[in-house]
Structure formats: structure tokens, C-alpha cells
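# Descriptive analysis of the structure
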Amino acid sequence: MTIDRHNGNQRLGYPVAAGVFAIGMAGTTLPTPLYGLYREQLGFSELMVTVVFAVYAIGVITVLLFAGNFSDEVGRRPVLLCALGLSAASALCFLFEGGLPMLLLGRVLSGFAAGLFSGAATAAVLELAKPGQEAHAGFAATAANMGGLGCGPLLSGLLAQYAPWPLTLPFLVHLGLLALAAVATWLLPETVAPPHRPHTLRPQGLRLPPEVRGVFTPSAVAAFAGFALLGLFTAVTPAFVGQTLGVHNLAVTGVIVFTVFLGSTVGQSLTGRIGVRAALPGGCLILVVGLSLVATSLAITSLPVLVIGAVCGGIGQGLAFRAGLTAVGHAAPPEHRGGTISAFFLVAYLGISLPVVGVGALTMVLGLRGAGLTFAGCVIVLAVAVGLYVLRHPPTDDDRPRAAHTSPPAPLAGR
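Please read all numbers here as calculations on a predicted model, not as lab measurements.

## A closer look at the overall build of the chain
In terms of helices and strands, the chain carries 14 helices and 2 strands. Evaluated residue by residue, the chain yields a buried proportion of 59% over its 415 residues. In the chain, of all internal contacts separated by at least 6 residues, the share reaching a separation of at least 24 is 87%.

## Observations regarding the environment of Leu306
Residue placement: Leu306 occurs in helix H13 (residues 303-331). Expressed as a C-alpha distance, the spacing of Leu306 and Thr237, which sit 69 residues apart in the sequence, is 9.4 Å. If we ignore the near neighbours within four places in the chain, the residues touching Leu306 are Phe233, Thr237, Phe240, Val241, Ile256, Val294 and Ser297.

## Some thoughts on a nonpolar patch on the surface
Taken together, the side chains of Leu362, Met364, Val365 and Leu366 present a nonpolar region at the surface, about 390 Å² in accessible area. Within the secondary structure layout, Leu362 lies in helix H14 (residues 337-392).

## Focus: the pattern of salt bridges
Applying the stated criterion across every chain yields a total of 1 salt bridge. Ionic pairing is found between Arg76 and Glu127, a salt bridge with its closest N-O pair at 2.7 Å. Residue Arg76 is located in helix H5 (residues 76-95), and its partner Glu127 is located in helix H6 (residues 100-127); the two are separated by 51 residues in the primary sequence. One exposure class covers both Arg76 and Glu127, and it is buried.

## So, the packing of aromatic side chains
Under the counting rule described, the total for this entry stands at 5 aromatic pairs. When the ring of Tyr38 is compared with that of Phe94, the centres are 6.0 Å apart and the planes differ by 55°; the resulting orientation is tilted. Of this pair, Tyr38 sits in helix H2 (residues 35-42) while Phe94 sits in helix H5, and the two are 56 residues apart along the sequence. Residue classification places Tyr38 among the buried positions, given a relative accessible area of 0%.

## Focus on the environment of Glu73
Within the element layout of this structure, Glu73 appears in helix H4 (residues 70-74). Linking Glu73 and Ala193, residues 120 residues apart in sequence, is a C-alpha distance of 8.9 Å.

## A word on the side chain of Glu127
On the basis of relative accessible area, Glu127 is assigned to the buried category, the value being 1%. Among the polar contacts made by the side chain of Glu127, one reaches the side chain of Arg76 at a distance of 2.7 Å.

## Thoughts on empty space enclosed by the protein
With a probe scaled to a water molecule rolled over the atoms, the places where space remains empty come into view. Counted under the stated rule, the structure contains 6 cavities of 30 Å³ or more. Volume-wise, the largest cavity comes out at about 110 Å³. Along the walls of the largest cavity sit Leu232, Phe233, Val236, Thr237, Phe240, Val294, Leu298, Leu306, Val359, Leu368 and Gly372, which together make up its complete lining. Secondary structure elements with two or more residues in the lining of the largest cavity: helix H9 (213-235), helix H10 (237-244), helix H12 (276-300) and H14.

## Focus on the packing of helix H7 (residues 134-162) against helix H11 (residues 250-274)
Taken N-terminus to C-terminus, the directions of H7 and H11 make an angle of 170°; their axes are 7 Å apart at the nearest point. With respect to their mutual orientation, H7 and H11 come out roughly antiparallel. Across the contact of H7 with H11, the residue classes break down as 16 nonpolar, 10 polar and no charged.

## Comments concerning the layout of surface pockets
Quantified by volume, the second largest pocket comes out at close to 360 Å³. In this structure, the second largest pocket is lined by 18 residues; those nearest its centre are Gly36, Glu40, Pro238, Gly242 and His248. The set of elements that each furnish at least two residues to the lining of the second largest pocket consists of H2, helix H3 (46-67), H10 and H11. Per-element tally for the lining of the second largest pocket: the top contributor is H2, with 5 residues. Among the residues forming the lining of the second largest pocket, the class breakdown is 9 nonpolar, 6 polar and 3 charged.

## Examining the packing of H12 against H13
Between H12 and H13, the shortest axis-to-axis distance is 7 Å and the interhelical angle comes to 155°. Here H12 is positioned roughly antiparallel relative to H13, judged by the angle of their axes. Between H12 and H13 lies a crossing whose hand is left-handed. Class assignment for the residues of the contact of H12 with H13 results in 20 nonpolar, 10 polar and no charged.

## Observations regarding the nonpolar core
For soluble globular proteins, nonpolar side chains are generally found buried alongside one another. If you look at the biggest cluster of nonpolar residues, it comprises 122 residues, and the most contacted ones within it are Phe117, Phe216 and Tyr349. In terms of residues, this core owes the most to one element, H14, which gives 19 residues.

## Some words on the confidence of the model for the chain
Residues with a pLDDT of 70 or more make up 88% of the chain, whose mean pLDDT is 83. Averaged pLDDT values over the elements of the chain bottom out at 40 in strand E1 (residues 2-3) and peak at 96 in helix H8 (residues 169-187). Here residues 1-10 is modelled with pLDDT under 50, and outside its nearest four sequence neighbours on either side it reaches 28 contacts, counting other chains as well. Note on residues 397-415: pLDDT is under 50 here. Beyond four places in sequence and across chains, it has 72 contacts.

## Regarding the side chain of Ser156
As for its placement among the helices and strands, Ser156 is situated in helix H7. The exposure class assigned to Ser156 is buried, which follows from its relative accessible area of 0%. Within the structure, the side chain of Ser156 is placed 2.6 Å from the backbone oxygen of Leu30, a separation counted as a polar contact. Only 3.4 Å separates the side chain of Ser156 from the backbone oxygen of Pro153, close enough to count as a polar contact. What Ser156 contacts, discounting residues up to four positions off in sequence, is Leu30, Pro33, Leu34 and Pro170.

## Re unusual backbone geometry
For Trp165, which is not glycine, the phi dihedral falls at a positive 55°. Within the element layout of this structure, Trp165 appears in the loop between H7 and H8. Exposure remark for Trp165: the relative accessible area of 56% places this residue in the exposed category. Despite not being glycine, Thr301 shows a phi value in the positive range, around 55°. Thr301 gets classed as partly exposed once you look at its relative accessible area, which sits at 30%.

Definitions and cut-offs
- Position numbers for residues count from 1 along each chain, tracking the sequence in the order it is written.
- Local features in this predicted model are restricted to residues whose pLDDT is 70 or higher, and side-chain atom pairs enter the listing and the counts only when it is 80 or higher, whereas totals over whole chains, interfaces and linings include all residues.
- Values shown for side chains rest on all heavy atoms present in the structure; no hydrogens or waters enter the calculation.
- Helical segments are the DSSP runs of H or I of at least four residues, strand segments are the runs of E of at least two, and each set is numbered from the N terminus.
- Accessible area is worked out with a 1.4 Å probe on protein chains only. A residue is then buried under 20% of its type maximum, exposed over 50%, and partly exposed in between.
- In this analysis, two residues are considered to be in contact whenever any of their non-hydrogen atoms come within 4.5 Å of each other.
- Only residues whose relative accessible area exceeds 30% and that form no salt bridge are eligible for patches; like-charged ones are grouped when within 9 Å, while nonpolar side chains (Val, Leu, Ile, Met, Phe, Trp, Tyr) are grouped when within 5 Å.
- Surface exposure here means Shrake-Rupley accessible area, sampled with a 1.4 Å probe, where a residue is shielded only by the protein chains that are shown.
- By convention in these notes, a salt bridge is any Lys or Arg side-chain nitrogen within 4 Å of a carboxyl oxygen on Asp or Glu.
- Centres within 6.5 Å are what make two rings of Phe, Tyr or Trp a pair, Trp counting through its six-membered ring; a difference in plane orientation under 30 degrees is then read as stacked, over 60 as edge-to-face, and the rest as tilted.
- Pairs of N or O atoms are called polar contacts if they sit within 3.5 Å, as long as, within protein, a hydrogen donor faces a hydrogen acceptor (for residues adjacent in sequence, only side-chain-to-side-chain pairs).
- Residues are said to line a cavity or pocket when one of their atoms sits within 4 Å of a point; the points come from a 1 Å grid over protein atoms alone, cavities being sets where a 1.4 Å probe fits but cannot get out and pockets being open sets with protein on both sides within 12 Å along at least five of seven lines.
- Grid points are joined across faces, edges and corners, and a volume is the space filled by probe spheres set on the points.
- Axes, fitted as lines to C-alpha atoms, cover a helix only where it is in contact. Angles between the N-to-C directions of the axes lie from 0 to 180 degrees.
- By the definition adopted for this analysis, an angle is roughly parallel if under 35 degrees, roughly antiparallel if over 145, roughly perpendicular if from 65 to 115, and oblique otherwise.
- Amino acids are sorted into nonpolar (Ala, Val, Leu, Ile, Met, Phe, Trp, Tyr, Cys and Pro), charged (Asp, Glu, Lys and Arg) and polar (every other residue, Gly among them).
- Left-handed is the label given to a crossing in which the near helix is rotated counterclockwise from the far helix by less than a right angle, and right-handed is the label when the rotation is clockwise.
- To define a nonpolar core, start from buried Ala, Val, Leu, Ile, Met, Phe, Trp, Tyr and Cys residues and group those joined through side-chain atoms within 4.5 Å.
- Think of pLDDT as the predictor's per-residue confidence, scored from 0 to 100.

Have a look at this one:
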């Protein structure tokens, strides 16, 4: 399938697509500082908080399995518009929340949106880059993902703490941002030519092109470990900050969650200087240090150590995530890029869901602190194993494009 970069408004390039990506992803973490308010209002347990959080990942995984490569066929723009519509529907569920079922539905719809964004928006940002902009577009794609995820709790925490209607205003503001994103998406050039309507929508599964399989496993497992850390912060940190540290300021909670995503964005920016061969194992090592600090903060009940651990763990996650996505995306043939990227995100989102539900279940037995320490220990073991593997089997630093007229995900030394 060929890529047509000149179809549509040529003035709107990859920065606009990255902005749409960030707005869409912000909605997926918008409820994070508000879970305590919902818990008080509806009276459910910490386990149920993690379940409400994790059903989002079920939505993501479902879309990645059934429609992860859909944008390769119908085009990036229609899929992005559909994702924005699902994000708006999710916000409406929270606006008219009448109990636990609406919260669960809102999270599932949010997961559907994120699943569509993950493959289609990443590919669109990369393909809208002009010659010579590939490295910048590669960073923009991953930074929009993590930056959007970080801005969601920051926005809702500030609004919920310092503005009226704490369970309403954040979603109204996001609906306004989604409307702007929809207009921008409508004006973006279509990069898939000629898009067509597939006869059937079949599960994609995890079938990967042969060119990708060698690098996919270590890269995806590193993403799994990093996203597990992100899941811990977005699902459990609000409860830890409020119940254990006695800090009930929602803005503080939002800022703490934001720091881990800020660290991730910093880590991604460093990948270009370090190179993929060093960034993937190095990211795993820094992730281990961050997890150790998070565990220490749980053990000694220290907010400053928690914040330092969030930044450090986020940097490690960002390094490993961008390096892994670079290696996988570059190895994928252009006609399978959207589907391959979606498969990578599928494994990553397993990391943001399964361990978090496990933490919620352990909390019922071991308490919040014991569950967090157990979680940190398990992810440390996983990150160490992946780091040692990629040290012995590093991905190849090769920044040559795979096909004419196609932007690679980014040069491997500059993604």
C-alpha cells in the first residue's frame, strides 16, 4: 500500500497529528485523581478501583486484536475520527455517571479509543513527516502518547482541587479539546492511498511479519515492564498518597502521577543521543532503580522518595519504550506497520492491566504497602531479565528507510 503525503492540507503536518494524539490519550488518564472521590461517593473497595482502571486495558486489547491494522486499510483519518468519538462518549459516561456500571462503560470506551489511537495516530505522525523530519516525528509520536497520558491527571487534579464541579468540569474541558482535535483531524492529509473498505473485520492476533519477530519479544517485554510501572502510578498512587501519606490535595496527586509520564518523555528524548542498542538495556536498568526507589518510599512512607522514584522509573520506561518501538516499527514492512505497532502496544497494555489488578487483589490481603512491595519486586525481576537479554542480543542500529516514500518510525539512533 502506497503513502500519499500530498493529499489534503499540506500545511498541517506531524505536529498537528501529535497534538490530536496527545488530546486523545489525555482522556484515558483524566479520571485518575478522581478515583478517591468516586470511591467515597459509591463506596467501593481498592480492588474495585483497580478493576475500574483495568477494564480500560481490556478495551485497548480488544481493539488491538480486532482492529489494530484497520487504519492500514481504511486510512488513518477515519480511524482517528472514530477514536475521538469514542473518547467523547467516554467523557459523557463520566459526566452522567450514575453508579459503577457507567464508570466501567466509560473506561471500556476510553480503552477502545486508546486502542485505535495507538496504531493509527503513531503511524499518522510518522507518515506526515517531511524528508529530514523523521527523527523529530518519531519523538513527537511517543512523546504525544506519554505526554498526553501525563497531562490527563494533571489537568483533572488541578480543576478538581481549585475549580467548581470536581467530577464534571474536567470532562467538560476535555470534550472541548476533543472538538478542536476533531476539526484538526478532518483537515489533516490522508497518508494511506488508496484507502478502502475491507470486506470483513477479523481478529488480528499476534501474527507478526517475519522481519519483526527477532526484535519484537525483548522490546515488547520491556514495554510490558515499563507500562506495569505506569499502571501502578495511575491506579494505586492516589490511594497511597491519600491513605498512607495523608495528602488529600487532588492537585498534588495529579502532579505526582504527571511526574512519571514527564520522566518517560525525558527518557524518550534521551534515546536519540544514546542510541537504541544502549537505550533498551539502559532503560531497563534505570527502570529497576526507579522501582527500587518506589518500593523504598512504600517501606519508609516518604513522599519525596516516591516522586524521585516516579521520575527515575519514568525515564527508564521512556528509554526502553521508545527504543523498543523504534526497533519494532523500523523492522516492520510499510504495509504492516500499523498492525505491528498495534501488536507492540497490545503487549504493553497487558502490562498496564494484569499486574494492577493483581495489586488490587493483594491489597485485600497484604494491605496497600505490602501489595506495592510485592509488585515492585516482581517487576524488578522482569526488568532485570529483559535488560540482561538485550545486552547479550542487542537490536541492530540501522537507520536506513525500508521503502521509498515511507517514513520509518525513526532512525534507530534517533527515535
